[in-house]
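# Structural overview for review
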Amino acid sequence: MDPTATAIGTWSAGRFMHFGEPISEARMRALLTPGDGVDTVISADVYGLGEADRMLGDALEGLRRESYCLVGAVGHDVYEGRREGAKGFPRFTDARLRRASAYAGYLRRATERSLERCGVDRFDLLLLHNPDRTGYSSAAVWQGMEALREAGLTRLLGVAPGPANGFTLDLIDCFERFSGQLDWAMIIMSALEPWPAELVLDAAAAHDVQLITRVVDHGGIFHDDVFGEDDFPEHDHRRFRPAGWVGAAREKLERMRPYARRHELTALQLACAWNLAHAPVRCVAPTLIQERGPGARAIEDKRAELSRVRAEATLSEEEIDAIRAVGDNSGCMALKGASAEHEGAPQADRWALDGLSEVGARWGIDPQRDLARRQLTAT
């Protein structure tokens, strides 16, 4: 099965990523079990250092393998690498860990271990997770990924930039270099955060790369039970956003709400419909969050709401453009990946352009104009 219109990731529900309140193991298994309109599940070996894979494996036990789409992700070396505080684990391409000749062997071992934890013998789609500059550009990396397909460990291959937003020119460069291997990519995109993801859409379509979009919910705003930053637990990742972002986002949501009412959609369903209206986007994977407090909705209700999203076109071109205008966040943050703003040695998530301006020029993207931070805002 290819990825379907809706997906659930193991990063949801607070057990392996710090969003909202962690739910119980039994609720988590039920949340991740494919069916009832949500038939694509996504995991990564780095989440919980394999525990997310194992929990997903419990949820998949006994199901017909053909009844769901399983998406895996490898890339952070959680086996030989050492965690570096908030930076997390290094990528397997880190020169301190191995040479290019060893990339394929690492990818094979990591994929087999992830599959073993999930209790299956193959992924439908395997993503290169949060690559560094080498991951986007190295033929040795993508030869190693292709070898996994040839070995029957996955049918489809893709790339998942992150963990933060950006990587625009790197991703397009990856499409151009490895279009023969790449089937899918997973990017951050929402009606409240159209930039910079919108800049890769044309290149994805031209290279026949289908897109999964994550963070469709915009930090829970489109779930309609987030009202202020003070409601977040101490270590919630959303506390790292600029102060006032919730109020600014809710004001924009109110301006979008008439479009939801017009089509009898919830706020989340409107956000999903907006993403799916863009040609390369074939799958939406919002983060499902159990918020705390008396006004919080049950996470099971959010899953049911997601299950009613349909891939068929809902919004007109005029509505798509109007919603994008409301949510416009252009230039609101410093982006990760290749950047005209970066100086000095490459970092794990940020580096100099190094010739990628030419890639941008082929797609009408000027890094100084289109990928630079204009101002710090609450959006």
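As a reminder, the structure under discussion sits directly above these lines.
The following refers to the structure shown. None of the values given here were measured: they were computed from a predicted structure.

## Structural notes on the overall build of the protein chain
Looking only at helices and strands, the protein chain features 13 helices and ten strands. In terms of C-alpha radius of gyration, the protein chain reaches 20 Å, essentially the compact-globule figure of 21 Å for 379 residues. Expressed along its principal axes, the backbone C-alpha trace of the protein chain runs to roughly 55 × 50 × 40 Å. Taking contacts inside the protein chain between residues at least 6 apart in sequence as the whole, the part at least 24 apart equals 75%. Of the roughly 15,500 Å² of accessible surface on the protein chain, a fraction of 48% belongs to carbon and sulfur atoms. With 46 positive and 58 negative side-chain charges, the protein chain shows a separation of 3 Å between the mean positions of the two kinds.

## Some remarks on the sheet that holds strand S2 (residues 40–42)
Strand order across the open sheet formed by eight strands is S1-S2-S3-S4-S5-S6-S7-S8, with parallel pairing between neighbours. Only two strands of the sheet have a single partner each, and these edge strands are strand S1 (7–9) and strand S8 (281–285). Here the average twist between neighbouring strands, direction ignored, is 25 degrees. Two elements, strand S3 (residues 69–74) and strand S4 (residues 123–129), share four bridges in a ladder whose sense is parallel. Within S4, the residue paired with glycine 72 across the bridge is leucine 126. Running over the sheet, helix H3 (residues 103–118) touches S3 and S4 and is turned about 130 degrees from S4.

## Considering the pairing of S3
Of all six residues in S3, six are buried; the element is thus mostly enclosed. On S3, burial covers both faces: Cys69, Val71 and Ala73 on one face and Leu70, Gly72 and Val74 on the other are all buried. Two elements, S2 and S3, share three bridges in a ladder whose sense is parallel. Bridge pairing in S3 places isoleucine 42 opposite valine 71. Crossover handedness for the path S2 to helix H2 (residues 51–60) to S3: right-handed.

## Structural notes on the packing of helix H9 (residues 267–276) against helix H10 (residues 299–307)
It is at 9 Å that the axes of H9 and H10 come closest, and there the two elements cross at 40 degrees. In terms of their interaxial angle, H9 and H10 are classed as oblique. Along this stretch, H9 crosses H10, giving a crossing that reads as right-handed. Of the residues in H10, those touching H9 at Ala267, Leu268, Gln269 and Cys272 are Lys302, Glu305 and Leu306. Of the residues belonging to the contact of H9 with H10, the class tally is four nonpolar, one polar and two charged.

## Here's the deal with the side chain of histidine 76
By the element assignment, histidine 76 lies in the loop between S3 and H3. A polar side-chain atom of histidine 76 sits 2.9 Å from the main-chain carbonyl oxygen of phenylalanine 89. With residues up to four places along the chain from it excluded, the contact list for histidine 76 reads Asp45, Val46, Phe89, Pro90, Arg91, Tyr106, His129 and Asn130.

## Topic: the state of the cysteines
Two cysteines whose sulfur atoms are joined by a covalent bond form what is called a disulfide. Counted under the stated rule, the structure contains zero disulfides. Of the cysteine sulfurs around cysteine 118, a residue in no disulfide, the closest is that of cysteine 69, at 12 Å. On the accessibility criterion, cysteine 118 (2% relative accessible area) is buried.

## Concerning helix H8 (residues 245–262)
An ideal rise of 1.5 Å per residue puts 26 Å on 18 residues; H8 measures up with 26 Å between its terminal C-alpha atoms. Along H8, the residues classified as buried are Trp245, Val246, Ala249, Arg250, Lys252, Leu253, Met256, Arg257, Tyr259 and Ala260. The secondary structure elements touched by the buried residues of H8 are H9 and helix H11 (317–327). Following H8 by one or two positions, glutamate 264 adopts a phi angle in the positive range, close to 55 degrees.

## Some thoughts on unusual backbone geometry
Look at the link from glycine 162 to proline 163: it is a cis peptide, with omega at 5 degrees. For proline 163, the location among the structural elements is in the loop between strand S5 (154–160) and helix H6 (168–178). Going from tryptophan 195 to proline 196, the amide bond is cis rather than trans, its omega being 5 degrees. Residue position: proline 196 is located in the loop between strand S6 (184–188) and helix H7 (201–206). Of note, the phi angle at leucine 49 is positive, near 50 degrees, even though the residue is not glycine. Among the structural elements, leucine 49 can be located in the loop between S2 and H2. One non-glycine residue with positive phi stands out, namely histidine 218, at about 55 degrees. With respect to the element layout, histidine 218 can be found in the loop between strand S7 (210–214) and H8. With relative accessibility at 2%, the residue histidine 218 sits in the buried group.

Cut-off values and rules
Residues numbered from 1 in each chain as written. Predicted model: local features only at pLDDT ≥ 70, side-chain atom pairs only at ≥ 80, totals over all residues. Heavy atoms only, no water. Helix = DSSP H or I, 4+ residues; strand = E, 2+ residues; numbered from the N terminus. Rg over C-alpha atoms; globule rule 2.2 N^0.38 Å. Contact = heavy atoms within 4.5 Å. Areas by Shrake-Rupley, 256 points an atom, 1.4 Å probe, with all protein chains shown as cover. Lys, Arg positive; Asp, Glu negative; His and termini not counted. Charge placed at Lys NZ, Arg CZ, Asp CG, Glu CD. Pairing = 2+ DSSP bridges. Axes fitted to C-alpha atoms, helices over the stretch in contact; angles between N-to-C directions. Buried < 20%, exposed > 50% of the residue type's maximum accessible area, 1.4 Å probe, protein only. Right-handed = clockwise from strand over helix to strand, strands pointing away. Parallel < 35°, antiparallel > 145°, perpendicular 65-115°, else oblique. Left-handed = near helix turned anticlockwise from the far one by under 90°. Nonpolar A, V, L, I, M, F, W, Y, C, P; charged D, E, K, R; others polar. Polar contact = N/O pair within 3.5 Å; in protein donor to acceptor, adjacent residues only side chain to side chain. Disulfide = S-S within 2.5 Å. Expected span 1.5 Å × (residues − 1).

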